[in-house]
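What follows is the residue order along each chain.
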Amino acid sequence: MLAISVGIALLFWIVATSVLVGGQSAVESAREKGVPAYIGARTAHAALSDADRAAWQSFRSGAAQLTGPGQRFRDDITTAGDSLSRIAEVDVGGETGRDLLRSVNAQVVTYQGLVEQADATYRKGLEELGYAYLTYASRMLHADGGLLDRIDEIAERDRRAVDERHGSFWVTDAAVAAVCLLAAALLAVLGYVQVAMARRFRRVLNLPLLAASVLLLGLTAWFAATFLRVGDSFAAASERALPAFDRTIQAQIAAADAGARALREDRPAAAEGGLDLAAAERAQRPLTARFGGATDTGGLVAGLPAGTAAVAGLAALGIWLRLREYRR
Amino acid sequence: MRPSPARALCALVLLCAAALTACGGSGGDRTVTVLGSWTGAEHEAFGAMLAEFERETGIDVKYTGTRDARAVLASELHDGHPPDTAVLANPGDLRAYAADGHLHPVGSASQGIAAGLTTAAGPDGGRRPYGIVLKASVKSLIWYAPDTLPGGLAERLRDPSLTWDDLAAAVSGTADAPWCLGLEDTSQSGWPGTDWIEDLLLHLSGPEVYDDWVAGRLAWTSPEVRRAWEEFGTVVRDAHGGNGGILLTGYGEAGHGMFADPPGCRFDHAGSFIPAFYAQAAGRPEPGRDFDFVPFPGRGTVEIGGDLLGMFRDTPAARRLVAYLTSEEAQRTWIERAGSGAYSLNRDIPPGDYPGDVPRRIAGLLAGAETVRFDASDSMPSVMAAAFNHAVLEYAAEPGDERLDAILTALDKVRRTA
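**Focus on the overall build of chain A**
The helix and strand inventory of chain A stands at 10 helices and zero strands. Whereas a compact globule of 328 residues would reach a radius of gyration of roughly 20 Å, chain A reaches 30 Å, over 25% beyond that. Considering only C-alpha atoms, chain A reaches an extent of 110 × 35 × 25 Å along its principal axes. The 328 residues of chain A split such that 47% are buried. Counting only contacts in chain A whose residues sit at least 6 apart along the sequence, the fraction spanning at least 24 positions is 81%.

**Observations concerning the overall build of chain B**
Broken down by element type, chain B carries 17 helices and 12 strands. For chain B, the C-alpha radius of gyration of 24 Å lies close to 22 Å, the compact-globule estimate for 418 residues. Across its three principal directions, the C-alpha atoms of chain B cover 100 × 50 × 35 Å. A burial count over chain B gives 46% of its 418 residues as buried.

**Quick look at the nonpolar core**
Considering soluble globular proteins, one finds that nonpolar side chains tend to be buried as a cluster. Grouped together as the largest cluster of nonpolar side chains are 207 residues, with contacts concentrated most on Leu 134, Ala 137, Leu 147 and Ala 315 of chain A together with Leu 181 and Ala 396 of chain B. Per element, the largest residue contribution to this core is 23 residues, and it comes from helix H1 (residues 2-61) of chain A. When neighbours within four sequence positions are excluded, Ala 315 of chain A is seen to be in contact with Ser 5, Val 6, Ala 9, Leu 190, Leu 209 and Ala 212 of chain A.

**Quick look at helix H7 (residues 191-205) of chain B**
All names here are of chain B. With 15 residues, H7 extends 20 Å between its outermost C-alpha atoms, agreeing within 8% with the 21 Å of an ideal straight helix rising 1.5 Å per residue. Taken across its 15 residues, H7 has 13 buried, putting it largely inside the fold. A positive phi of about 95° marks Gly 206, the residue just after H7.

**Concerning the confidence of the model for chain B**
Residues and elements named next belong to chain B. Per-residue confidence for chain B gives a mean pLDDT of 87, with 91% of residues at or over 70. Low pLDDT (under 50) marks residues 1-26, which in the prediction has three contacts with non-local residues, meaning those over four places away or in another chain. Interface confidence for the predicted complex, expressed as ipTM, amounts to 0.81; the pTM equals 0.83.

**Comments concerning the packing of helix H4 (residues 94-123) of chain A against helix H6 (residues 147-166) of chain A**
Residue and element names in this part refer to chain A. Between H4 and H6, the shortest axis-to-axis distance is 10 Å and the interhelical angle comes to 150°. By the angle between their directions, the pair H4 and H6 is classed as roughly antiparallel. The handedness of the crossing between H4 and H6 comes out as left-handed. In this structure, H4 uses Leu 100, Leu 101, Ser 103, Val 104, Gln 107, Val 108 and Tyr 111 to contact H6, whose residues at the interface are Leu 147, Arg 150, Ile 151, Glu 153 and Ile 154.

**Some remarks on the sheet that holds strand S10 (residues 292-295) of chain B**
Residues and elements named next belong to chain B. Taking strand neighbours across the sheet as the criterion, the four strands line up as S8-S9-S7-S10 in an open arrangement whose pairing is mixed. The sheet is open, and its two borders are formed by strand S8 (179-180) and S10, each paired with just one other strand. Pairing of S8 with strand S9 (residues 267-269), which is carried by two bridges, proceeds in the parallel orientation. The residue of S9 that forms the bridge with Trp 179 is Phe 267.

**Description of the pairing of strand S3 (residues 85-88) of chain B**
Residue and element names in this part refer to chain B. Where burial is concerned, the two faces of S3 agree: the one with Thr 85 and Val 87 and the one with Ala 86 and Leu 88 are both buried. Strand direction decides the pairing type here: strand S1 (residues 31-36) and S3, joined by two bridges, are parallel. Following the sheet pairing, Leu 35 is matched in S3 by Ala 86. Strand direction decides the pairing type here: S3 and strand S11 (residues 301-311), joined by four bridges, are antiparallel.

**What to know about the pairing of strand S6 (residues 131-138) of chain B**
Residues and elements named next belong to chain B. Within S6, eight of the eight residues are buried, which leaves the element mostly enclosed by the surrounding structure. Across seven bridges, S6 lies against S11 in antiparallel orientation. What sits directly across from Gly 131, in S11, is Gly 310.

**With respect to helix H3 (residues 71-90) of chain A**
Residue and element names in this part refer to chain A. For H3, with 20 residues, the first-to-last C-alpha span of 29 Å sits near the 28 Å given by 1.5 Å per residue. If you check which residues of H3 are buried, you get Phe 73, Asp 76, Ile 77, Thr 79, Ala 80, Ser 83, Leu 84 and Ile 87. The buried residues of H3 all sit within an arc of 160° when viewed along its axis, so they share a single face. Facing away from the buried side of H3 by more than 90 degrees, the exposed set consists of Gln 71, Thr 78 and Glu 89. In the stretch just after H3, Asp 91 is the one whose phi turns positive, near 50°.

**Quick look at the packing of H7 of chain B against helix H9 (residues 223-237) of chain B**
Residues and elements named next belong to chain B. Here H7 crosses H9 at 125°, and the two axes come no closer than 9 Å. When the axis of H7 is compared with that of H9, the two are oblique. Along this stretch, H7 crosses H9, giving a crossing that reads as right-handed. When H7 is examined against H9, the residues Gly 193, Trp 196, Ile 197, Leu 200, Leu 201, Leu 204 and Ser 205 are found in contact with a partner set consisting of Glu 224, Val 225, Arg 227, Ala 228, Trp 229, Glu 231, Phe 232 and Val 235. A per-class count over the contact of H7 with H9 returns 10 nonpolar, two polar and three charged.

**Considerations on the environment of Arg 237 of chain B**
Looking at the element boundaries, Arg 237 of chain B is found in helix H9. In the structure, Arg 237 of chain B is positioned 150 residues away from Ala 387 of chain B in sequence and 22 Å away in space, judged by C-alpha atoms.

**Concerning unusual backbone geometry**
In this chain, Asp 261 of chain B is followed by Pro 262 of chain B through a cis amide linkage whose omega measures 0°. Looking at the element boundaries, Pro 262 of chain B is found in the loop between helix H10 (242-248) and S9. Residue Asp 266 of chain A is not a glycine yet carries a positive backbone phi of 60°. Assignment of secondary structure puts Asp 266 of chain A in the loop between helix H8 (207-264) and helix H9 (277-295). The phi dihedral of Arg 284 of chain B falls on the positive side, at around 45°, and the residue is not glycine.

**Re the interface of chain A and chain B**
Counting residues at the interface gives 17 residues for chain A and 19 residues for chain B. Elements represented by at least two residues in the side of chain A that touches chain B include exactly H4 and helix H5 (127-142) of chain A. It is H4 of chain A that provides the largest number of residues to the side of chain A that touches chain B, a total of eight residues. Residues belonging to the side of chain A that touches chain B are distributed by class as follows: eight nonpolar, five polar and four charged.

**Some words on the environment of Ala 175 of chain B**
Residues and elements named next belong to chain B. Following the sequence through the fold, Ala 175 ends up in the loop between helix H6 (164-172) and S8. Owing to 18 C-beta atoms within 10 Å, Ala 175 belongs among the partly exposed residues under this scheme. Considered as a pair, Ala 175 and Leu 134 are 41 residues apart in the sequence and their alpha carbons are 39 Å apart.

So, how was this worked out
- Residues numbered from 1 in each chain as written.
- Chains lettered and ligands numbered in written order.
- Predicted model: local features only at pLDDT ≥ 70, side-chain atom pairs only at ≥ 80, totals over all residues.
- Helix = DSSP H or I, 4+ residues; strand = E, 2+ residues; numbered from the N terminus.
- Rg over C-alpha atoms; globule rule 2.2 N^0.38 Å.
- Buried ≥ 20, exposed ≤ 12 C-beta atoms within 10 Å, placed from the backbone.
- Contact = placed C-beta atoms within 7 Å.
- Core = buried A, V, L, I, M, F, W, Y, C linked by C-beta atoms within 7 Å.
- Expected span 1.5 Å × (residues − 1).
- pLDDT = per-residue confidence, 0-100.
- Axes fitted to C-alpha atoms, helices over the stretch in contact; angles between N-to-C directions.
- Parallel < 35°, antiparallel > 145°, perpendicular 65-115°, else oblique.
- Left-handed = near helix turned anticlockwise from the far one by under 90°.
- Pairing = 2+ DSSP bridges.
- Arc of directions from axis to C-beta.
- Nonpolar A, V, L, I, M, F, W, Y, C, P; charged D, E, K, R; others polar.

Now the structure itself:
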């Protein structure tokens, strides 16, 4: 009985620790890699869409004669560059991902070069050629398989990575149920030992065994509550907060694209455009908060091994005390 | 018998050594990486060539296809991890990489028509073949839709004694704006115009003048180069869609006007790859039936373009791949794919082996050419080539004498510094 109790306690600790480590690894991977890369890709897309709109705005308004494509265009290009750098930092896609990112960076440089060429030509008095270059730049962005499609490819890959982490076994209710089942098995063994010893030694209660059972119940409840909360937070982050951020960015992209389209066709468009970094930042806050909740295990990392060791120790102590009495 | 700890340790060491040997061997002998710009149908065609190589040799070929292969290659070289081999878009890049010591000579692998195309100076100044031509396209072609031409004109155009002046006069009589012309191509707009000027210079002034110009020995302001630009100016003025139209029309769509009713334009100067674009026009025109070509006037001289392959890591597997890709067997895999638009420089493939009458005649033109020259802008230093592309767009936007003077003077300034 002593060996069975300690063995099941050890198994409980191994499985619970695996769920804890696996779950935290899934959450951390999504929080530290998948989500920043996804946000970076979506922001880069929005920034480049807005750069296109801003460049057209500057040319159509005549400001290009004095300021070229304008400060807004330059800010957007800087934002796109920063966002792409963040994707490189987290390095999600391996060698293929690095090649794709290199290719996207090269295209951003080419896009910027075309707009600069449009500016130089326009200022030289070749207005028609200036607009032609600007059209080449726009088509490079928006064409099928063009720069924005490549960035969307990165975003989809990163979104899939987040979904895969969210779908990982370690953060499902099944993993928590498996731990609870093991705890129930251990509890049943402890109960059986308690009853068997009470009958055999005519004692009412074995206090260390009782303490082990109560501690196990508490530890399991703590574990289950923590992990159900982690799962809920992860679900809230990936199923609600991330799509909410995406809707915000998508609205900005749609506004920028509509503005650029109108300006290309020489129709009036709103002076202000799509990219609103402050709104994007606000849309990220719930996401950050949800992931904060998902990574907070409330001391379970230390509590789980200590509690399991205490359960095993108390169970062993209870059995050993009775056996010692019997030997006397 | 119980295994002793010493025996167990020996076994473990042997296992590790075997594993390490297997891993080490995979780099140079069993695997070869290829970086290229082909995606879609071109990737499939190249994949068919590679599959045969893999089957025959057991060597695994890892191909990475990206439209920005040039930038990815530069980045990988910068990181110190180049691919074993890479497809290069032009001899200019091949020469630059050879001179920098990034490329390894390919020995005798470079053979066939215009074999000297891939010969370049290495870092020690010695000239060696540094690449192979994987596939070529024939550039000096003028396409037309026979049904849209006055009776007898198509036959006159096929007369071997036809000159450029004859052709220009005949073309201008067919419509107000007979030339199909589109200069747009995503990030490299302008090259259809550089092809025009190159063909005009090559055929009007001869290969020696052309070579001097490509090598930077002939001034852009020379009478020969100026005449080629002026002739291109007449094409621009006679082009369908006007100046604004040709700037914003893609090179692949420009010829679709030939198949419209009524036709928007009558003649299109384009390479041997253009039938694949014509096939996307309304009614899905077919070569031979709906459209045909005549060689650029001045028989026996052909300008070609092509994709080259360079070896960045000298491994046994890379050498075997390079040798295989120029073989008759490999080249056939590519050219026999209908609509590939690919032509081989391997003389072992007779023109009669190409699929269809039009490809056979183009292959015959290439095989029978006395003079073959590579696309000039692809052979120039990249700064010169970029300036040339832009200059074409500038001239197309405003094809006047004054503008041409300024453009040629500016290009010559670039020539002196490039």
